[in-house]
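# Examining the three-dimensional arrangement
As a plain string of letters, each chain reads:
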Amino acid sequence: MITTLSTTLGDLTLPTPVMTAAGCGGPELGRFVDLTTLGASVTRTITLDPLEGPASRRFAETPSGILTDLGMENPGLQAFLAVDLPELAKQQVRTIVSVAGHRLADYAEIARRAGGAPGVTGLEVCFLDEDPLAAARALSVVRRDAPPGVAVLAKLPMGPGLLDLARELSSCGADALVLGLPLMGLVVDPTTLAAFRGGLAGPATAPLALDAVWRVHELLPDVPLVGVGGIRSGSDALAMLAAGATAVQVGAAVLRDPTAAHRVQLELAALLDPRGLKPADVVGIAHRGGLT
Amino acid sequence: MSGAVQVQADVLTNKKVGAFQHLTLLAPGVAEGFRPGTLLAVTVGGPLSERQARRTLPIFRARASAYGGTVEVVFEPTEPGESWLAAVQPSTRLDVLGPLGRPFALPKEPVPCVLVGYDAAAAPLLALAEKLRERRCDVHMLLGAASEARVFGALDARRSATSVTVLTDDGSLGSTGSVLTVLPDVLVKRKAAVVYAAGPSKILHGVAVAAEQHGAWSQTAVSVPMPCGTGLCSACVVPVTGADGVVRRARACTDGPVFRGDRVCWEPVSA
């Protein structure tokens, strides 16, 4: 059934359009679900140097969502390549490494070393900053220094500058734009009245992600997009494709169900197959009035 | 850590026990990998729930059987997700993951052990006591709580432990006082080699300090919110000193919940 799901993102061909979002498909899940059937699994975001996350609160549950602040905690490129990546390679998971940097030299080094590591299918560059020119320079450096054949994806913040940023990055050699990074949210503890701020993920974000995909696809119909935000089911994924995404990522849903990405993929196939449709047939179809 | 399964579990019984809730599930495959100290991660709110995080609870008991096997948890409903769980009717279906995490480490020799439990967190210590008795260890149990309704397992404990001491803050059951006040004397009197503890961080911290002063090992089961149970979300981290002396953020659901008490950096945890 899954054979019908083959998906092309720029120069990258994946067996299915369903991936796990950054940090949501680690080797921890291998005991509950076969990650090798997924389109790809995106790692947590790796920086050149190790980053330690906050010692204080990192998580809150909100209506139909979660707030997380992990401070981009990661072991740094060296330890990632030595420990985490071989584990994923052993499980034969198609791996896209999420990367972030501060200086252009960081991006260059990460692109070379992570992009060149065995078992790496692609790099997903995570841009926290909305400055289009700085992001474009960084993305160009990653494209230049990543080995040929390694896909480069750019994950964008979903703020008011989204369209400008998307337009700028679309001409920098990215195979796809990933929409997008979580918006920030806040909770206040009802007892202590202490605040906690973190990135909002989960079903609450689905309409926001759909709208981002919709607007960017309208502006740049030829640029492959990866939709991420609130996808829990095959029909959520199908909606994302119809809004203009070529592929999707499943994120927070794996908290509730570690098999979520796998299940989304099966459900998507079950929705497309009976109608004789392939994923590419429905990409952006909502812009053309839907199935007619 | 191995042997965890994801199953659709059916609620068999859901009873109030004092201030706590005792939930028994038909959950095939969980009991086989169960060791005292391991965890069960439960979804709450049903399939259409707006609550995205799991509630990861210590397993009280798990029994394999021909008809599938059961797993039991005891918890105090302190937030809406747990309150939902406290109200589920028999035959409700829950998606559960378990057993998860690192269990209490058992001594290789039959040595005197002291078990310190506080509130509902004491539940897994009963299964631990049985395991220790099987290994011919003397098991001395200290159960603490604010009041009688919050003491869990005092009767069951008498079956498996060599001795049981109950302490409540208000004296409504057992002696009046705190487990931490009497612990140093108990450790000396029982010649304890290992202290096992489950409860809030302040109690665990006190146990770890008392064990260290006495020269006993301590095994402490931390209770912090664990939103996924699989180790993926890293929201449940606790600062723990490694064998190399470096402090790392250890995930309670995967690297724990049981840690050596002398290895946990308690100040930020119990603050």
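Refer to the structure above for everything that follows.
So, here is what we can say about the structure in this document. For clarity, every value in this text was computed on a predicted model and none was experimentally measured.

The rules we used
- Residues numbered from 1 in each chain as written.
- Chains lettered and ligands numbered in written order.
- Predicted model: local features only at pLDDT ≥ 70, side-chain atom pairs only at ≥ 80, totals over all residues.
- Pairing = 2+ DSSP bridges.
- Helix = DSSP H or I, 4+ residues; strand = E, 2+ residues; numbered from the N terminus.
- Axes fitted to C-alpha atoms, helices over the stretch in contact; angles between N-to-C directions.
- Expected span 1.5 Å × (residues − 1).
- Bend = angle between axes of the 7 residues up to and from the residue.
- Buried ≥ 20, exposed ≤ 12 C-beta atoms within 10 Å, placed from the backbone.
- Contact = placed C-beta atoms within 7 Å.

Residues and elements named next belong to chain A. Read from one edge to the other, the open sheet built from four strands follows the order β5-β6-β12-β11, with strand pairing classed as antiparallel. This sheet does not close on itself; its edge strands, each paired only once, are β5 (59-62) and β11 (184-188). Averaged over neighbouring strand pairs, the angle between their axes works out to 40° when direction is ignored. As judged from the three bridges shared by strand β6 (residues 65-68) and strand β12 (residues 195-201), these two strands associate in the antiparallel manner. Across the sheet, L67 pairs through a bridge with L200, a residue of β12.

Right, let's talk about the sheet that holds strand β6 (residues 93-100) of chain B for a bit. Each strand in a sheet pairs with another by means of backbone hydrogen bonds, the pair being arranged parallel or else antiparallel. Residues and elements named next belong to chain B. Spatially, β1-β2-β5-β4-β3-β6 is the arrangement adopted by the six strands of the closed barrel, whose pairing is antiparallel. Geometrically, the sheet is characterised by an average inter-axis angle of 45° between neighbouring strands, direction not taken into account. Inspection of the sheet shows strand β2 (residues 20-26) paired to strand β5 (residues 70-75) by six bridges, in the antiparallel sense. By the bridge assignment, L26 is partnered in β5 with T70.

Turning our eyes to something else, we now look at helix α1 (residues 76-90) of chain A. Residue and element names in this part refer to chain A. Counted at 1.5 Å a residue, the expected span for α1 with its 15 residues is 21 Å, and the 20 Å between its end C-alpha atoms agrees. A maximum bend of about 35° is found in α1 at A82, where proline P86 lies one to four positions downstream. L77, F80, L85 and L88 are the residues of α1 that are buried. Where the residues of α1 are buried, they touch β7 (95-99) and α2 (104-115). Trailing α1 by a residue or two, Q92 shows a phi angle of about 60°, which is positive.

We now examine the environment of A:L266. Here A:L266 shows up in helix α8 (residues 260-272). Separated by 99 residues in sequence, A:L266 and A:R167 place their C-alpha atoms 33 Å apart.

Right, let's talk about unusual backbone geometry for a bit. The linkage connecting A:L179 with the following residue, A:G180, adopts the cis geometry, with an omega of -10°. Looking at the secondary structure, you find A:G180 in strand β10 (residues 176-181). Put simply, B:G98 and B:P99 share a cis peptide bond, and its omega is -5°. Along the polypeptide, B:P99 turns up in strand β6. With a phi angle near 60°, A:L193 is a residue other than glycine that sits in the positive phi range. Looking at the element boundaries, A:L193 is found in the loop between β11 and β12. Judged by local crowding, A:L193 falls into the exposed class, with 7 C-beta atoms found within 10 Å.

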